[in-house]
Amino acid sequence: MIRRLGASVGGRAAWVVAGAIPAIFLTLFFVIPVANLVLSGFHDDGVWSLTGFTEVFSAPRTWRILWFTIYTAALATALCVALGLPGAYLLYRCRFRGRGLLRAIVAIPFVLPTVVVAVAFGSLFNPGGLLAFLQLKQSYLAILLALCFFNVAVMVRTTGSMWARLDPRLGEAARVLGASPMRTLFTVTLPALGPAIAAGASLVFLFCSTAFGIIMVLGGVKYSTLETEIWYQTTQLLNLRAAAALSITQLVIVGGTLVVTNALQRRTRQALRLSVDDSSERPLVPSRDWFPMTVTGLVIALLLIMPMANLVVRSLRRDGAWSLVNYANLATTGSGGTLTVPVWHALWNSAWIAVAACAIAVTMGVLVSLIASRRPRTPAGRRSITVLEGAFLLPLGVSAVTVGFGYLITLNRPPLDLRSSLVLIPIAQALVALPLVVRSLLPSLRAIDPHQLEAARSLGSNSWQVLRRIELPHLVRGLGLAVGFALATSLGEFGATSFLSRPDNPTLPVVIYRLFGRPGADNYGMALAASALLACLTGIVMAAAERARPKGVSTW
């Protein structure tokens, strides 16, 4: 009895330590910087004041930017819902050869670097681009299309995972009673998918309202969102008080959206548990499924493939001829002294920072996932697990720009004066990747049958043996996807890195942004080549991660 009690106490102490490590990490590098940022918005020379808010919100420019942010995110969300639902049906409800490849093509754009996608759409509409005749350079439509490029995958996967398990007998019963296919869709199928559609839409709105790189590259001086205005007030005007007020406003918007998203996702998970366990897929019938086939085909060909294909082709052409000069110039610093280091140096920086950020994010994610997958028997214990999981998903709903700005005004004094240290960049990128890592690992752990765990314990296995023999093997199943998301997110992270990187040690997304914004054929060609290179690298990482993804695991 004494030995069992000691093992129990030791096991509990180990779990406390395992939870304390990521909790300390989150507190130091997320909670404190964000809280300090919020408090700074209510201070004026050390005195509590609302002067910053009064100045910011008395300016008509602020209201224009706020309205543009909300309106653009809402419109892009509506487009993603309209374009994503046919794809969700086709790729998750229908069975046909090549479906896995099409799923990967739809999923990969979500993790491509925002700067790369912005450059791709910019090159599509710029002079010499495939759609230059439309004269949409730096247009609002280009911004909307780029936002849809990223987020249509969220709608497809969020809705498709539920659609694949929707009980087909509901629709069959409606048709037996005389309902047409269209009426069945609108009166039976879509209401049943309501929680998943709403959860996906709220998540898309969240991502669209915090799309920093897209607006920075494609918006020019004409379009601004809350994020780009925070960057402008901080780096160009040095008006930290105004930037803090805008950051608090953005926190309120994305925080409210995140609360709604989490509530809707809980309803979706409950609906999935109530749905049939076996997949309700059916063979693809072109005569019946022509509409989703047409819409999804156009989305994949025109929205997803064409911009990236145009980017690769244009990076391989110079002065109207095929050439590798743009790639050769990556060994230089560009024309007119645009960069302080060659692009290859920035690629090396991105690579080692991504590895470091991946190691941090996966380590923290494993600890969080193991703890969040516990099954407490008391209501208080279950609530604690829910709060814990929600806390580590918070970085998903807070802009990376806000995090980077918080670091600048918080980690600038002993004992954590890290402003001049490169270590802040992988930490910030790990924080951005952590929610995706947790969402990649948790489904594998929660898929374990509780009866299997109870059987192991009843046969004499202690907590460590259960962990080693049952839980860790399941955890490894999702590890490949978690590593892929962490690497891809770090490689393309631009929001926080734009605040923290130094001119002599930039990352590749920062270099691409600088090159694209400077005049000269050499700089523009180098931006295209570097973007194509980063897109290929990210695509390879995510393609490998998708192959390692266990069946049924979804991060949304």
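Residues numbered from 1 in each chain as written. Predicted model: local features only at pLDDT ≥ 70, side-chain atom pairs only at ≥ 80, totals over all residues. Heavy atoms only, no water.

**A short note on the overall build of the chain**
Let me state the cut-off plainly: For helices the rule is a DSSP run of H or I covering at least 4 residues; for strands it is a run of E covering at least 2, with both sets numbered from the N terminus onward. Each residue is assigned to one of three classes by its accessible area relative to the maximum for its type, calculated with a 1.4 Å probe on protein chains only: buried under 20%, partly exposed between the two thresholds, exposed over 50%. Residues are treated as being in contact if the distance between any of their heavy atoms lies within 4.5 Å. All accessible areas in this document rest on Shrake-Rupley with a 1.4 Å probe, and a residue is counted as covered only by the protein chains that are shown.
The number of helices and strands found in the chain is 24 helices and eight strands. Per-residue burial over the chain gives 53% buried out of 556 residues. For the chain, the share of sequence-separated contacts (at least 6 apart) that also reach a separation of at least 24 residues comes to 80%. Here the chain has roughly 24,600 Å² of accessible surface; of this, 67% comes from carbon and sulfur atoms.

**Here we look at the environment of V111**
In this structure, V111 sits in the loop between α4 (99-107) and α5 (114-125). Looking at V111, the relative accessible area reads 8%, which means it is buried. Distance from V111 to E493, taken between C-alpha atoms, is 9.7 Å for residues 382 residues apart in sequence. Sequence-distant contacts of V111, defined by excluding residues within four places in its chain, comprise F485, A488, T538 and M542.

**What about the packing of helix α3 (residues 60-92) against helix α11 (residues 226-235)?**
Our working definition: Note on method: axes are straight lines fitted to C-alpha atoms, helices fitted across the in-contact stretch only, with angles between N-to-C directions ranging 0 to 180 degrees. Every angle not falling under 35 degrees, over 145, or within 65 to 115 is termed oblique; those three ranges are roughly parallel, roughly antiparallel and roughly perpendicular. Three residue categories are used. Nonpolar comprises Ala, Val, Leu, Ile, Met, Phe, Trp, Tyr, Cys and Pro, charged comprises Asp, Glu, Lys and Arg, and polar comprises the others, including Gly.
Here α3 crosses α11 at 140 degrees, and the two axes come no closer than 9 Å. In terms of orientation, α3 lies oblique with respect to α11. Note on element contacts: α11 touches α3 through L226, E229 and Y232, opposite R61, I65, L66 and T69. Each residue belonging to the contact of α3 with α11 can be placed in one class, and the counts come to four nonpolar, one polar and two charged.

**Some words on the confidence of the model for the chain**
Quick note on the threshold: The pLDDT score gives, residue by residue, the confidence of the prediction method on a 0 to 100 scale.
For the chain, the average pLDDT comes to 82, and 87% of its residues sit at 70 or higher. Mean pLDDT values for the elements of the chain range from 66 in strand β8 (residues 416-417) up to 94 in helix α14 (residues 325-328). Here residues 1-7 is a poorly scored stretch, pLDDT under 50, and it has zero contacts once near neighbours within four places are set aside; other chains count.

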